[in-house]
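# Residue-level structural notes
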Amino acid sequence: MKIIIAGGDGFCGWATALWLSERDFDVAIVDNLVRREIDEEMGSNSLTPIASLEERVAKWKEVSGKEIKTYVGDLNDWDFLSKVFQEFKPEAFVHYAEQRSAPYSMIDREHTIYTQQNNVLGTLNVLYAMKEFAPDCHLIKLGTMGEYGTPNIEIEEGYLEVEHKGRKDTFLFPKRPGSFYHLTKVHDTNNIFFAVNTWGLRATDLNQGVVYGVDIDLNEKDPALVNRFDYDGVYGTVLNRFIIQAAVGLPLSVYGKGGQTRGFINIEDTVRCIELAAKNPADRGELRIYNQITEDFSVLELAERVQKVGKERFGLDVEINHVENPRVEKEEHYFSTVKTKLKDLGLEEHLLTDEVIEKIFKLALDNKDRLKKDLVMNSPSWK
Ligand code: NAD
Ligand code: USQ
């Protein structure tokens, strides 16, 4: 299968590109490398030293014998995107290429507008490119569990059947997201739903939860293949942050009460979910929506798990701090999710065991000298 990974230089995209390439998919990466520019803008870095995209794909060819084509450019550059579609002729298009940090989207007006333009307009360009050049191509779009927010009812997989005054209909599940970033994913879903119904495109929207881990096996194959590992208050996600904080001897930063509960997924399962979605394409005119998570945890529960592993396996005295919450979100709430569709397609889950935490811990310890302390608590306030 000819498959494009847009955002293939990023955290999920790089792991997915190699996973699919190893399994004989014909992979092309599309990326404008903006994430590396944002690192410079924020003065931040990946805890692991990452090679350039050029070096990465060259090393992959040397290690695996497989070629990954690269197109460096922006989804918002229509001439560039048209050329990519016409030249590569994708059968599937995995769309990771968005500004994905909620805190970044809340810094100020400019960052909000950049995030919304980059994400919403980029996806519209992809939809138009599919319509014009590849109407049979399957769009595999990364959405997010945060589209739903934290409703006081169970979160279904994308749709909700509603009975109102004696009549029934099925709607996209109601959304109440918690940042301008999360809102872009809601806008994308609405635009994709419309395009699929109007033009007969095929699409799968994967509402992925918070991703943790780093594909450590890649690092073991060759250090030049190592994935990024964010820890700062803007791009670092909560479990990776806690493990890195514990490894360098900083207290774990639980925002507020820590009862915030979210769906989580190991990066090892992210790549498998994309493979399953690619092998089970939606029909023309169909938008499939899956909740791409394997387990739900509260933030405080995660901090306690990391504290326990730090103590038992590394002899560390890990402190948990309840710090003032920079976000506007519920700190105690109901949270229940349906997550069966990917399992029905064959997903065998990699759950959060102490061994998994220990493995991530080791990578953090190996790279701890690269941590810049002033980045750890640099989240902007939502207000
Ligand atoms: P990332 O920032 O590491 O990677 C995103 C990549 O997309 C970067 O390499 C960036 O340069 C590229 N990009 C951004 N805008 C682009 C554009 N206009 N044109 C071309 N390339 C562009 O992010 P990630 O963590 O790998 O997340 C990937 C996707 O998965 C995002 O859409 C994100 O919303 C979604 N997601 C991530 C998580 C998570 O925990 N990391 C969880 C749920 C959903
Ligand atoms: N949190 C803390 N302490 C921290 C960092 C975060 O308590 O040091 C809390 C946050 O307040 C929040 C929860 O942990 O309640 C999750 O925060 P996060 O930064 O790990 O995740 P989030 O901002 O939601 O975004 C991440 C990715 C995003 C993806 C999303 C999936 O950056 O791309 O869409 O996870 S989800 O949350 O399911 O929408």
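Residues numbered from 1 in each chain as written. Chains lettered and ligands numbered in written order. Predicted model: local features only at pLDDT ≥ 70, side-chain atom pairs only at ≥ 80, totals over all residues. Heavy atoms only, no water.

## Some words on the overall build of the protein
Across its full length, the protein holds 13 helices and 14 strands. The C-alpha atoms of the protein give 20 Å as radius of gyration, which agrees with the globular expectation for 383 residues (21 Å, within 12%). Structurally, the protein occupies a C-alpha span of about 60 × 55 × 40 Å along its principal axes. A burial count over the protein gives 56% of its 383 residues as buried. Within the protein, contacts between residues separated by at least 24 positions form 81% of all contacts whose residues are at least 6 apart in sequence. In the protein, 47 positive and 63 negative side-chain charges are present, and the distance between their average locations comes to 2 Å. (Helix = DSSP H or I, 4+ residues; strand = E, 2+ residues; numbered from the N terminus. Rg over C-alpha atoms; globule rule 2.2 N^0.38 Å. Buried < 20%, exposed > 50% of the residue type's maximum accessible area, 1.4 Å probe, protein only. Contact = heavy atoms within 4.5 Å. Lys, Arg positive; Asp, Glu negative; His and termini not counted. Charge placed at Lys NZ, Arg CZ, Asp CG, Glu CD.)

## Quick word on the pattern of salt bridges
Across all of its chains, the model carries 34 salt bridges by this definition. In this structure, D9 engages R36 in a salt bridge whose closest nitrogen and oxygen atoms are separated by 2.6 Å. Placement of the pair is D9 in the loop between β1 (2-6) and α1 (11-22) and R36 in helix α2 (residues 34-42), with a sequence separation of 27 residues. On the basis of relative accessibility, which here comes to 6%, the residue D9 falls in the buried class. Taking the relative accessible area as the measure of exposure, R36 reaches 21% and is therefore partly exposed. Of the charged contacts in the structure, one is a salt bridge between E98 and K141, with a shortest N-O distance of 3.6 Å. (Salt bridge = Lys/Arg side-chain N within 4 Å of Asp/Glu carboxyl O.)

## Focus: the packing of helix α9 (residues 238-248) against helix α11 (residues 299-314)
Interhelical geometry of α9 versus α11 gives an angle of 35° and a closest axis separation of 10 Å. Both α9 and α11 take part in a crossing whose hand is right-handed. Contacts from V238, L239, F242, I243 and A246 in α9 reach V299, L302, A303 and V306 in α11. (Axes fitted to C-alpha atoms, helices over the stretch in contact; angles between N-to-C directions. Left-handed = near helix turned anticlockwise from the far one by under 90°.)

## Regarding the site of ligand 1
Contacts to ligand 1 come from 29 residues, most closely from C12, D31, N118, Y181 and K185. Between ligand 1 and the protein, one listed contact pairs a nitrogen atom with a side-chain N or O atom of N32 at 3.1 Å. In the model, an oxygen atom of ligand 1 is placed 2.8 Å from a nitrogen or oxygen of the K185 side chain. When isolated, ligand 1 has an accessible area of 830 Å², and the protein chains bury 98% of it. The set of elements that each furnish at least two residues to the shell around ligand 1 consists of α1, α2, β5 (138-144), α7 (180-199) and β9 (210-212). A class-by-class count of the residues in the shell around ligand 1 yields eleven nonpolar, ten polar and eight charged. (Near = heavy atom within 4 Å. Polar contact = N/O pair within 3.5 Å; in protein donor to acceptor, adjacent residues only side chain to side chain. Areas by Shrake-Rupley, 256 points an atom, 1.4 Å probe, with all protein chains shown as cover. Nonpolar A, V, L, I, M, F, W, Y, C, P; charged D, E, K, R; others polar.)

## Topic: the sheet that holds β5
Hydrogen bonds between backbone groups are what pair the strands of a sheet, and the pairing can be parallel or antiparallel. Strand order across the open sheet formed by seven strands is β3-β2-β1-β4-β5-β8-β12, with parallel pairing between neighbours. What marks the edges here is a single partner per strand, and that holds for β3 (69-72) and β12 (286-292). Ignoring strand direction, the axes of neighbouring strands in this sheet form an average angle of 20°. Bridge count between strand β2 (residues 26-31) and β3: four bridges; the pairing is parallel. By the bridge assignment, V30 is partnered in β3 with Y71. Packing against the sheet, helix α4 (residues 78-88) makes contact with β1, β2, β3 and β4 (92-95), and its axis sits at approximately 165° to β3. (Pairing = 2+ DSSP bridges.)

## Looking at α7
If you check α7, its first and last C-alpha atoms are 28 Å apart, about what 20 residues at 1.5 Å a residue would give, namely 28 Å. Turning to α7, its buried residues number three or more, namely Y181, H182, T184, K185, V186, D188, T189, I192, A195 and V196. Of the surrounding secondary structure, the elements contacted by the buried residues of α7 are α5 (102-105), α6 (109-133), β5, β7 (167-172), β8 (202-208) and β12. For α7, the capping residue at the N-terminal end is S179, with a side-chain oxygen 3.2 Å from the backbone nitrogen of Y181. Positive phi appears at G200, one or two residues downstream of α7, with a value of about 70°. (Expected span 1.5 Å × (residues − 1).)

## Considering the environment of D217
Within the secondary structure, D217 is located in helix α8 (residues 216-221). Here the alpha-carbon distance between D217 and E268, two residues 51 residues apart in the chain, equals 9.9 Å.

## Remarks on the sheet that holds strand β11 (residues 261-266)
As summarised here, the arrangement of the three strands in space is β9-β11-β13, forming an open sheet in which the pairing is mixed. Looking along the sheet, the strands with just one partner apiece sit at the ends: β9 and β13 (295-298). This sheet shows a mean twist of 45° between the axes of neighbouring strands, independent of strand direction. Relative to β13, β11 runs antiparallel, the two sharing four bridges. Note on β13: the bridge partner recorded for F264 is E295. On the sheet, α11 packs against β11 and β13 and is oriented at approximately 90° with respect to β13.

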